[in-house]
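Listed below are the residues making up each chain.
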Amino acid sequence: MTSKEEKLRKTRKKLCELLQDALMLELTTIPPYATACYSILEQGQYDRSEPTIVNAEPIEVIRQVMVEEMLHMVLVANVLNAIGGKPELNNPDLLPTYPGTLLKGRGPTVHLRRFCPEQIKSFRLIETAPKDTGPAKKGDYRTIGGFYTFIMLKLEEACDVFGDDKIFTGDAKRQISNDDYFGAGGEVIEVIGTSTQRRDAAMAAIRKIMEEGEGADMGDRAGDKDIIPGPEGREDVAHYFKFNEILHSRYYHPDDSVNEPPTGGDLIVDWSAVSPMQDDPCESNYEKAPELAALSAEFNEAWTGLLDGLHIAFNKDKSALRALVPNMYNIKFLAQKLMRIPLPDGSGETAGPTWTYLVKK
Amino acid sequence: MIAVTDDDRTYDVVIVGAGFAGGILAKELVSDGHSVLILEAGEDHGKTWETYRSYLDQYYLSLTKTPNSPYPNLPTLPSPSVLDITAVHGTEPDTNGYFVQRGPLPFGSNYLMAYGGTSLHWLGTSLRMLPADFEMQSRFGLGVDWPFKYEDLKSDYERAEWEIGVSADAEEQTPKALGIKTSGPNDNRGYFARDYDYPMHSIPSSYVDNFFARADGMPIEIGEDAGDTVHLKVSHTPQGRNSTPRRPKAARKILVGGEPQEQFRPRGSTGPFAFMGQRCEGNSSCIPICPIQAKYNAMKTLEDAKYTGKHRMKTITQAVASKVELGANGRVSGIVYKKYPFPGVPQYELRRARGKQYVLAGGAVENVTLALASDICRSSGELGRNLMDHPYMMTWGSAPEPVGPFRGPGSTSSYANFRDGTFRDKTAAFRLEIGNWGWKFAAGAPNSDVERLVEQENLYGKALRDKLYHDVQRQVRIGTLVEQLPRATNRVTIDPAYRTPMGEFRPVISYDLDDYSRAGLAASYDTCAQIFQRLGIRNHTAYNPSDAGYFTYEGRGYTFFGAGHLVGTHRIGTDKHNSVTNDKMRAWDHENLWLVGAGSMPTIATSNPTLTLSAMAYRAARAIKTAVRKGGAA
C-alpha cells in the first residue's frame, strides 16, 4: 500500500468517525426532548374547569425541534453512507446514557428531566451558537455548531486532497429520500449524482443541520432560512430561539434580533401541568417495584426496537423506516405511562423512561 | 322594519359559505385579481390553532363521537345531528333536531356549519364519477342526463385532486382496473388523461383490506343476465389525506388541467402547527376530526386564498345569510345577513353585503332554505326537489381470525365492482366500503363490547381484557353506499312554523327510498352475505324494526343511515324548466347569482360527492371570472 493510499484510508476512517459521532450527537438530544414533551399532562389529567389543552404550543415547539433532529440524523446518515461509511445505531458502546455529556465531554451535560424552565434552559444551551469558529476549525470545538464547522472543513480538505470521487464512494441505494422518510421537519437532501454533485449535496446537508440548529451564521437574525410549509411560507426560527420562545412565552419574528427578546405573538406556557418525573430516571429506583421495572423494560424494548429498525433502514433496507412509525407511538405511550406512576420512595416524584438499549444475549 | 346597515365595501364576488366549494371559488377568484367576501354562518373559529385545538378537546371529552361532536352546536346556529334521527310516524313531522322530518323515512344525514364546513369531519373519500353516471336517462331511461359529460369535467377533476391532495394511483383507478363491467363500451378509454396522475401514492392497504382480498375473483351474480356476473376485487379508495408524494418521471411532468406540475408538497396543519400532518399517521379518528390535519380540510384552501388575496379577500364569520335581495331585471342587489357578536346568544345586527356577483355555496340544504326564504329561483319548480343521499347500510360480522381493526383511516379500500353495469336499469348501483374500525359505526364498538361483557357476562380483570381483545380483534364491517334517483318528492321546503332562535327557516325534509335503491340495498346485502360466507365470517348483522331507518323490501327488513352526501337540490340542466341553474351553475332566473355545491349535481351515482362538487367549483369559477370581467352584463 502506497503512503497516499494509506493516508486516504486514514482520512476516510477519520471522516467516518466524525460523522458517526455526529449521528450519535443528534440521537443524544432526542430522548431529553421527547421526555420533556411527554411529561406534559394531556387533556383530563390536570385540574382545570375549562376544557382546554394547556401547553399545546410548547409541546409543538419542542416536537418541531425533535423532528428536525430526526431529520438531521437522516441527513448525517446520508452523508456517512455517501462516503461509504456504516452508520451504527445499535452499538451499545456508542449509544448515549443519561446524564451524559455532548461532544465526548467537551459540550454541555444533558439530563432527562420533565418540562421545566431549567430543562428548557439546558436545551437552549445545547443549541447555543459558537461564539468563535476559529478554535473549532482547529478541532477545539465546544458547541454543536463548532463541531459541524470542523466536519465540513475536514470533508472539504479531504475532497481537495484526494478528489471528490475518492471520498464519495458509497452506494446510492443507501440514500434515504423524501419517499422513504416520513417528511416532517423539512426535506431530505439526497447525496447522489456525480462526485461533484455529491460533494455539494453533502455540504448542503451539513449546512442545513447547522442552520436549523444553533443558527450560527445567520447574522443578527433569529430566522434559519428554512421555510415553514404553508401558503405564507413563513421562515422558521433556529432551535435556540424556539426554546427562548418558551422561556419568554412569546414567539419570535424571523427578523427579530438575536440579542433582543422575541416580539411576536403570545405562546402560553403552564409549568404546573406537568408530571413530576424524577430527574434522570434510573433502573435502580425500580428495584423495589417490579411493576415499574417491567414497564421500564417494556419501554426499553421499544426503544431498542426503534434503534435496531433505524440501523436496518440506514444499512440494509430503507423501507424499514415506515414500519417504525407505530413503534414511535408505542414509545410515547409507554413513556407517558411510566411518568404517571409515583415512585415507591414517597418523594411524590414519578417514574420515567431511562432510554436504555437492551443488548441481546 | 329593522334598519339594515350596508357594508362599506362592494366586492366583485360575495360567497355564502366557507366550505369545499367556497374555498376553491375564493382561491380561484382572488388568484385572478378579483375581490371576494365570504359570509360564514359558523362561529369565528378554525382560523387559529386554538380553535382547532378546542375542537380536539371537545372530541376527547365527548362520550358519543358523532361526526359533529367536536364542533360547537350553537343556539344561534343549530346543526343537524345524527343523534336526532328518529322514526317518523304518520303525518306528524319529527322536530327533534334541526331538521323537520316529514318522512316517510327519516333523512339521516348531517353537515357542519363552520369555517371549513363539512370538510372538517369528512372521511376523505375522493372518487370521480363514471361516464355512465352523467347519462342515466339515455343509458337506462332513469333520472336525468347531465348537461355535460364525464369528458367535460375531466380536467377539473384533475385540478380538484391536486387541490385536495388525493392519494391514489391512476392505473389502479380506471373502471377496468376496479373490476367494473361498464355499461358503455368506451367508458374505460381515456378515463385518465395520458400524462396525468394523482399527486400522492395510494394509502397502504390495511390488514383488514388484505383479509377481504382473499375473496378476490369470487363471482357474484348481479342483475338478470349471466353476462353481468362480476368478479370481486378489493381496490384502493382514492383519499384526500397525505401519503408519499409522487415523483414525476424525470422529463415528463404530471399535467394537471393541462399545466405541468412539479412534485406535490403535502400540506399539513394550518397555522403554527405546519410541521404536523404532512403524512397520515393512522390516528384513526378521520371522522369526526383529524388531530394533525393530514386529512384535507377547506381551511387549507381558504388559508391560500387569504394569503394570495391579501386585502382583496375578506371573511366575515358569525354571519348568517338571511335574504337574497333582488333589484331590477331579477338581478341580485345584495345579501342581508345577521351578524351575531356572541356565539350562542341569538342577538344580531342586520347588515347587507354587496357585490357584482353572488354565489350560494352553503351546501345542498342551506342554499335551498336561503333561496326559498328569499323567494328566488322559482321558475323551474325544481328548487329544493331531487334531494339525494347515499342510503348507507352496514353488514357486520366476526372474522375467523384476528384482523387488526381500529387502525388507520376509517376505510382504505372498497369493492367498486358494482358501481356500474347493465343491471342499473332495474337495480341501483352501489359501492361496498370496507371498514377499518370494526363495529364502531355499526354497534358502537369497542365501548359497547365492554358494556356487554361486564353487564351481561360478568367478566372483569384479565378475563375481561382477554375476551374483549378476542372479540374486538375479529370485528369486520362492510358499508354499502347505494345510489338514489332524483325524485321530485324527496325535497327540502320551508314552513314559517319552524324557525331557529335567530328567526331563520329550518329545513323541512320529505324523504323516501324508492324500489330502485331498495333493490340495490337488497342486492348489496346478498353480496355481503356471500362474501362473509366465503371468508368464514360469522354474520352478526341485526336490523331492528325499531331502528329509525328501518325499511322493508320484498319481505325482508333492513336499516339504513345517511351518508352525509347531500345532493341534487338545485341541479344544473339544459333549460330553465328542468333545472335551477345552467351547466356553469348560474341561476336561470338571476343573471348574477350562482348556486355551487353538491346541490348542483343532477344525479348522485356511487361516488362520494365531494370531489365532483370541487371539480364543478372550478367550472363555476371560470364562468364567474368571465362574468365579473364583463361587468355583469348578460
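Residues numbered from 1 in each chain as written. Chains lettered and ligands numbered in written order. Predicted model: local features only at pLDDT ≥ 70, side-chain atom pairs only at ≥ 80, totals over all residues.

**A short note on the sheet that holds strand 18 (residues 508-511) of chain B**
All names here are of chain B.
Thought 1: Ordered by their spatial adjacency, three strands build an open sheet running 3-18-17, and the pairing between neighbours is mixed. Both outer strands of the open sheet, strand 3 (100-104) and strand 17 (491-493), are each paired with one neighbouring strand and no more. On average, each strand axis in the sheet is tilted by 20° relative to the strand beside it, whichever way the strands run.
Thought 2: Pairing analysis gives three bridges linking strand 17 to strand 18, with the strands arranged antiparallel. Directly across from R491, in strand 18, lies its bridge partner S510. (Pairing = 2+ DSSP bridges. Helix = DSSP H or I, 4+ residues; strand = E, 2+ residues; numbered from the N terminus. Axes fitted to C-alpha atoms, helices over the stretch in contact; angles between N-to-C directions.)

**Structural notes on the domain arrangement of chain A**
Interfaces are frequently sized by the accessible area removed from exposure as the parts join.
Residues and elements named next belong to chain A.
Thought 1: Segmenting chain A into domains produces domain 1 (3-269) and domain 2 (278-361).
Thought 2: Domain 1 puts 22 residues into the contact, and the matching count from domain 2 is 21 residues.
Thought 3: The set of elements that each furnish at least two residues to the side of domain 1 that touches domain 2 consists of helix 1 (3-39) and helix 2 (56-82).
Thought 4: The greatest single-element share of the side of domain 1 that touches domain 2, amounting to five residues, is contributed by helix 1.
Thought 5: Looking at the side of domain 1 that touches domain 2, its residues break down into 14 nonpolar, five polar and three charged. (Domains from an automatic or database assignment. Contact = placed C-beta atoms within 7 Å. Nonpolar A, V, L, I, M, F, W, Y, C, P; charged D, E, K, R; others polar.)

**A short note on the sheet that holds strand 13 (residues 392-398) of chain B**
Strands in a sheet are paired, the pairing made by backbone hydrogen bonds, and the direction either parallel or antiparallel.
Residue and element names in this part refer to chain B.
Thought 1: With antiparallel pairing, six strands are arranged side by side in an open sheet as 6-14-15-16-13-19. The outermost strands of the open sheet, each flanked by one partner alone, are strand 6 (234-236) and strand 19 (538-539).
Thought 2: With seven bridges connecting them, strand 13 and strand 16 (residues 475-482) associate as antiparallel partners. Pairing of S398 across the sheet is with Q475, part of strand 16.
Thought 3: Here helix 12 (residues 515-535) sits on the sheet in contact with strand 13, strand 15 (430-434), strand 16 and strand 19, set at roughly 155° to strand 16.

**Some words on the nonpolar core**
Thought 1: In terms of nonpolar packing, the biggest core is built from 163 residues, with I15(B), L25(B), V359(B) and V596(B) touching the most fellow members.
Thought 2: Counting residues per element, this core draws most heavily on helix 13 (residues 610-629) of chain B, at 11 residues.
Thought 3: In this structure, V359(B) is in contact with V13(B), I15(B), V16(B), L25(B), W594(B), V596(B) and I624(B), ignoring residues within four places of it in sequence.
Thought 4: Listed in part, the 87 residues of the second largest apolar core include M24(A), Y33(A), A202(A) and A205(A). (Core = buried A, V, L, I, M, F, W, Y, C linked by C-beta atoms within 7 Å. Buried ≥ 20, exposed ≤ 12 C-beta atoms within 10 Å, placed from the backbone.)

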